[in-house]
Amino acid sequence: MIRLDGWRVLVTGGGRGIGAACCRLFARAGAAVWVHYRSDEASADAVRAELESLSAEPHRVSAAEISEPSSVRGLLSAVDETWGRLDCVVNNAGIWVRNPIDELDVDRLQETLRVNVDGPFLVAREALPLLRRSRNASIVNITSTAGQRGEAFYSPYGASKGAIIAATKGWSTELAPDVRVNSVAPGWVDTEMCVEPFADGGRQAIEAGIPLGRVASPEDIAGPVLFLASPLARHITGEIVNVNGGSVLCG
Ligand SMILES: NC(=O)c1ccc[n+]([C@@H]2O[C@H](COP(=O)([O-])OP(=O)(O)OC[C@H]3O[C@@H](n4cnc5c(N)ncnc54)[C@H](OP(=O)(O)O)[C@@H]3O)[C@@H](O)[C@H]2O)c1
C-alpha cells in the first residue's frame, strides 16, 4: 500500500468524477486533501465530509475559476496560508465541449482553451513556490487519449489536451530535479462528462471497441495518479500514462 501520511495535496475539480476519486484515494493513503471546485459546492462539501471519515487530516474545500489568474492566485494563497506547502497538485478540472470545425464557435473554442490549458498553467505557476518547499513534489496533469489521437467534432478539446501533454514534457525538464511532472491520459471514464455519449446504447457501442471491454471507473484513473505522485515513481518524470483499457491510440 502506498502511504502518504502528512502529505498536502491539491486536486482541482475535486468535487466530482475523476477528481473526487483522486481525493478519496489520496485521503485513504494518509494525505490531507484540498478539494477545489468551481460551482458545485454541495458536491465538493460532500466529498470533504467523506474524506474526514477516511482520515483525520485537515482536509479543506474551496472554489476558484481556474481560467482566471486572480481566482487561481486566491486559491493558492489560501493553501499557502493554511498549509505552507504542497507535495502534489493534480491538475484535473476540465471541460469537454462539442465544436465541429465546419461551424466553429470561437467563444466555445476560447472557453475550452482557457479552462483546459490556461487553467493548468495558472495552477502550476501559483503552486510552484509551495511545491518547492516539499521533498516529494510532483504535478500530475489529467490529459486524454484525445490529446494524442485527436477527437472528431471535439477537436478544440483534443488540441487542449495535446497542449497539456506538451506542457507536461516541457515542465518536467524545466522543473527537474525539484518537481516531477507527469500526466495520466484516460480514455472513456464513467463520469457526468460522458452522460450524453453513454445514453441510448452509446455506452455499449463504446465498450465494444475497448479491448478490456468496459469504460473506466473514476477509481481506475485515480490509482495511476496516486502511483505517479508517490515515491514509488520517484524516477519517473515527463511521462504520459495511458489508462484506456487497451484502446489503440494512433493510426
Ligand atoms: N470522463 C472522461 O471520459 C474523461 C476522459 C479523458 C479525460 N478526462 C479529463 O478528466 C478530467 C476530469 O473529468 P471528469 O470526467 O471527472 O469531469 P466532470 O465530472 O465533468 O468534472 C469536471 C470538474 O472540473 C471542474 N471544472 C470545470 N470547469 C471549471 C472551471 N472553469 N474552473 C474550475 N473548475 C472547473 C468542475 O467543477 P464543478 O463541479 O464545481 O463545476 C468539476 O469538478 C478533465 O480534465 C477531463 O477532460 C475525462
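Details of the structure are given in the entry above.
All of these numbers come straight from a predicted model, not from anything done at the bench.

Cut-offs applied
- Residues numbered from 1 in each chain as written.
- Predicted model: local features only at pLDDT ≥ 70, side-chain atom pairs only at ≥ 80, totals over all residues.
- Heavy atoms only, no water.
- Phe/Tyr/Trp six-rings, centres within 6.5 Å; stacked < 30°, edge-to-face > 60°.
- Helix = DSSP H or I, 4+ residues; strand = E, 2+ residues; numbered from the N terminus.
- Buried < 20%, exposed > 50% of the residue type's maximum accessible area, 1.4 Å probe, protein only.
- Lys NZ or Arg CZ within 6 Å of the ring centre and 35° of its normal.
- Polar contact = N/O pair within 3.5 Å; in protein donor to acceptor, adjacent residues only side chain to side chain.
- Contact = heavy atoms within 4.5 Å.
- Disulfide = S-S within 2.5 Å.

K.L.:
Requested: an account of the packing of aromatic side chains, with residues and values cited.
P.N.:
Tallying each qualifying case throughout the model produces 5 aromatic pairs. Seen in terms of ring centroids, tryptophan 96 and tryptophan 188 are 6.0 Å apart; in terms of plane orientation they differ by 90°. Their pairing is edge-to-face. Highlighted residues: tryptophan 96 in the loop between strand E4 (88–91) and helix H4 (106–131) and tryptophan 188 in the loop between strand E6 (180–186) and helix H7 (195–198), separated in sequence by 92 residues. Note on tryptophan 188: relative accessible area 26%, which makes it partly exposed. Taking 5.8 Å as the distance between ring centres and 55° as the angle between the ring planes, the aromatic pair formed by tryptophan 188 and phenylalanine 198 counts as tilted. Placement of tryptophan 188 in the loop between E6 and H7 and of phenylalanine 198 in helix H7 is noted, with a sequence separation of 10 residues between them. Put simply, the rings of Trp96, Tyr154, Trp188 and Phe198 pair up and form one aromatic cluster. Its guanidinium or amino end placed over the ring of phenylalanine 198, arginine 203 lies 5.3 Å from that ring's centre, counting from NZ or CZ.

K.L.:
Give me the side chain of histidine 36: which residues, what numbers.
P.N.:
Its place among the elements puts histidine 36 in strand E2 (residues 32–37). Classification of histidine 36 as buried rests on a relative accessible area of 2%. A polar contact is formed between the side chain of histidine 36 and the backbone oxygen of alanine 64, at a distance of 2.9 Å. With residues up to four places along the chain from it excluded, the contact list for histidine 36 reads Leu10, Val11, Thr12, Gly13, Gly14, Gly15, Ser62, Ala63, Ala64, Ile66, Leu75 and Ala93.

K.L.:
Can you break down the state of the cysteines residue by residue, with the values?
P.N.:
Under the defined criterion, the tally for this structure stands at 0 disulfides. There is no disulfide at cysteine 22, and the cysteine sulfur nearest it, in cysteine 23, is 7.0 Å away. Judged by its relative accessible area of 0%, cysteine 22 is buried. Summary of cysteine pairing: cysteine 194 is not part of a disulfide, and the nearest cysteine sulfur, belonging to cysteine 22, is at 15 Å. A relative accessible area of 7% means that cysteine 194 is categorised as buried.

Nothing here speaks to function; it is all geometry.
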